[in-house]
Amino acid sequence: MAAPRLVPPAVVDPSVTDALRAEVRAFLAEQQAAGAFTPSVDAWLTQWDEEFTAALAARGWLGMTVPVEYGGHGRSFVERFVVTEELLAAGAPVAAHWIADRQIVPSLLKYGTESQKSHFLPRIVRGECFFGIGMSEPDSGSDLASVRTRADRVVDGWSLSGTKVWTSGAHRAHAFIVLARTAPVDRADRHAGLSQFIVDLRGTGVEIRPIISMNGDHHFNEVILDEAFVPDEMVFGEIGNGWQQVTSELSFERSGPERFLSTFVLLASTTECMATQGISHDAELGRLVARTAGLHQMSAAVAGALQRHDQADIPAAVVKVLGTTTEGDIADFADRHAGGDSHYADLVSHAIDQRPGFTLRGGTNEVLRGVIARGLGLR
């Protein structure tokens, strides 16, 4: 039984995407052969490797959609999709640049000032600037409208106070974009009065506390802002437009291949282990492969929609719900069929450890089902 492989999405020029996919696979094979990385589950969140990020940047595989005038490569969302999909399928260590490349780049291009774009984008493209996201807060769950972090107007800027949690990579990143309240809560419109700011994670008034996972990993953090000063030039977008900006950004966060490929390296390893055990047919495994292939097509279609600047928030939520559910089912399946060498055992163990977070991060699946229902006019 051969390990499942992903097929190129039927968008843009297939000859371009086929050639690019082959190039990325060859690079990854070389990197693995050289011992540059060991394939890992959930590598986009947990495996931070700045040297690997620099190697990708040297190949032109960071900031692929950034216009040339900002140091980027002016390529399509679909080409970027091909690269990120192959990196995830290989379990490569991409956490260092992931948030900056996935979410901050398109947000800067859409809402950033000319000064912000000129300052941050070339550094992201070169793999020299890493970002986090400051949305979630204690006791708020997935209800972003309930944020209590406050931004008060001061001379030449804003003073931010509040707490953000589950901030991936904050202890290593350079900055994060914070959602804060700049006006009192309006009971008629809870989404009003929210704004975004680019905050220096190494600046004064910023304290970063580690959140250690049960398995001892450290990638999440609590970030406490205590009258942290943000100059006017680091206001992100328009004051009061934070909710609209955040919901726009979430299409990039929820639709990407990381929402169904976090455990792909485990799925591939499981098929190989089962083959060595003489198991050539398994209906449940077949269903998991089919679900992964379907999600590949759905996620690729969202990448095409983003390329066309089409609205993609509802399709992105669908990909996130179905994809993260599939990731968890793969972990459970592998756990029930455990076998193989120590590396395989490590993959299974890591997948089970990370499994509870699959359907939580990026908005819980329960909340997203409501988003989908409302978007389809079902509620």
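Since the structure is predicted, the reported quantities are computational estimates derived from the model, not experimental observations.

## Digging into the overall build of the chain
Right, on to step 1. Helices and strands together make up the secondary structure of the chain, namely twelve helices and eight strands.
Right, on to step 2. Expected size for 379 residues packed as a compact globule is a radius of gyration near 21 Å; at 21 Å, the chain falls within 12% of this value.
Right, on to step 3. Seen along its three principal axes, the alpha-carbon backbone of the chain occupies a region of about 70 × 40 × 40 Å.
Right, on to step 4. Taken over 379 residues, the chain has a buried fraction of 54%.
Right, on to step 5. Put simply, 74% of the contacts in the chain that link residues at least 6 apart link residues at least 24 apart.
Right, on to step 6. Here the chain contributes 33 positive and 47 negative side-chain charges, whose respective centroids are spaced 5 Å apart.

## What to know about helix α4 (residues 77-89)
Right, on to step 1. Between the first and last C-alpha of α4 there are 18 Å, a value that for 13 residues agrees with the 18 Å anticipated at 1.5 Å per step.
Right, on to step 2. Of all 13 residues in α4, 13 are buried; the element is thus mostly enclosed.

## A few points about the domain arrangement of the chain
Right, on to step 1. Per the domain assignment, the segments of the chain are domain 1 (14-130), domain 2 (133-241) and domain 3 (245-376).
Right, on to step 2. Taking the mean C-alpha position of each, domain 1 and domain 2 sit 25 Å from one another.
Right, on to step 3. Between domain 1 and domain 2, the contact holds 16 residues from the first and 18 residues from the second.
Right, on to step 4. Between domain 1 and domain 2, the buried area comes to about 1,400 Å², and carbon and sulfur atoms account for 71% of it.
Right, on to step 5. The interface formed by domain 1 and domain 2 includes zero salt bridges.
Right, on to step 6. In this structure, the connection of domain 1 to domain 2 is made through four residue pairs in polar contact (both at pLDDT 80 or more).
Right, on to step 7. Looking at the side of domain 1 that touches domain 2, the elements that each hand over two or more residues are α2 (43-46), α5 (95-111) and α6 (114-125).

## What to know about the packing of aromatic side chains
Right, on to step 1. Taken as a whole and judged by the stated rule, the model has nine aromatic pairs.
Right, on to step 2. Ring geometry for Phe37 against Phe52: centres 5.5 Å apart, planes inclined by 70 degrees, an arrangement best described as edge-to-face. Placement of the pair is Phe37 in the loop between α1 (14-33) and α2 and Phe52 in helix α3 (residues 50-58), with a sequence separation of 15 residues. Residues Phe37 and Phe52 agree in their burial class; the two are buried.
Right, on to step 3. Here the aromatic rings of Trp44 and Trp98 are separated by 6.3 Å at their centres, their planes lie at 40 degrees, and the arrangement is tilted.

## Here's the deal with empty space enclosed by the protein
Here the idea is plain: a probe the size of a water molecule rolls over the atoms and shows the empty space left.
Right, on to step 1. Counted according to the given criterion, the structure contains four cavities of 30 Å³ or more.
Right, on to step 2. One number sums up the size of the largest cavity: a volume of about 190 Å³.
Right, on to step 3. Lining the largest cavity are 18 residues, with Phe77, Arg80, Phe252, Gly256 and Leu306 positioned closest to its centre.
Right, on to step 4. Secondary-structure elements contributing two or more residues to the lining of the largest cavity are α4, α5, α7 (242-255) and α9 (283-307).
Right, on to step 5. For the lining of the largest cavity, the leading source of residues is α5, giving five residues.
Right, on to step 6. Of the volumes computed, that of the second largest cavity is approximately 90 Å³.
Right, on to step 7. Taken together, 13 residues form the lining of the second largest cavity, with Leu45, Trp48, Ala95, Ser168 and Gly169 sitting closest to its centre.
Right, on to step 8. Secondary-structure elements contributing two or more residues to the lining of the second largest cavity are α2, α5 and β7 (218-231).
Right, on to step 9. The residue makeup of the lining of the second largest cavity, split by class, is six nonpolar, six polar and one charged.
Right, on to step 10. Counting contributing residues, the lining of the second largest cavity receives three or more from each of domain 1 (14-130) and domain 2 (133-241).

## Description of the nonpolar core
Right, on to step 1. Within the largest apolar cluster, 50 residues are counted, with the highest numbers of intra-cluster contacts made by Phe131, Leu160, Phe197, Ile198, Val199 and Leu225.
Right, on to step 2. With eight residues, α5 is the largest single contributor of residues to this core.
Right, on to step 3. Counting only domains with at least three residues in this core, you end up with domain 1 (14-130) and domain 2 (133-241).
Right, on to step 4. Every residue in contact with Ile198, bar those within four places of it in the chain, is listed here: Leu108, Gln116, Phe120, Phe131, Ala175, Phe176, Ile177, Val230, Met234 and Phe236.
Right, on to step 5. Grouped together as the second largest cluster of nonpolar side chains are 33 residues, Val24, Ala89, Ala92 and Trp98 included.

Rules used in this analysis
Residues numbered from 1 in each chain as written. Predicted model: local features only at pLDDT ≥ 70, side-chain atom pairs only at ≥ 80, totals over all residues. Heavy atoms only, no water. Helix = DSSP H or I, 4+ residues; strand = E, 2+ residues; numbered from the N terminus. Rg over C-alpha atoms; globule rule 2.2 N^0.38 Å. Buried < 20%, exposed > 50% of the residue type's maximum accessible area, 1.4 Å probe, protein only. Contact = heavy atoms within 4.5 Å. Lys, Arg positive; Asp, Glu negative; His and termini not counted. Charge placed at Lys NZ, Arg CZ, Asp CG, Glu CD. Expected span 1.5 Å × (residues − 1). Domains from an automatic or database assignment. Buried area = accessible area lost by both parts, 1.4 Å probe. Salt bridge = Lys/Arg side-chain N within 4 Å of Asp/Glu carboxyl O. Polar contact = N/O pair within 3.5 Å; in protein donor to acceptor, adjacent residues only side chain to side chain. Phe/Tyr/Trp six-rings, centres within 6.5 Å; stacked < 30°, edge-to-face > 60°. 1 Å grid on protein atoms, 1.4 Å probe; cavity = no way out; pocket = protein on both sides within 12 Å on 5 of 7 lines; lining within 4 Å. Points joined across faces, edges and corners; volume = space filled by probe spheres on them. Nonpolar A, V, L, I, M, F, W, Y, C, P; charged D, E, K, R; others polar. Core = buried A, V, L, I, M, F, W, Y, C linked by side-chain atoms within 4.5 Å.

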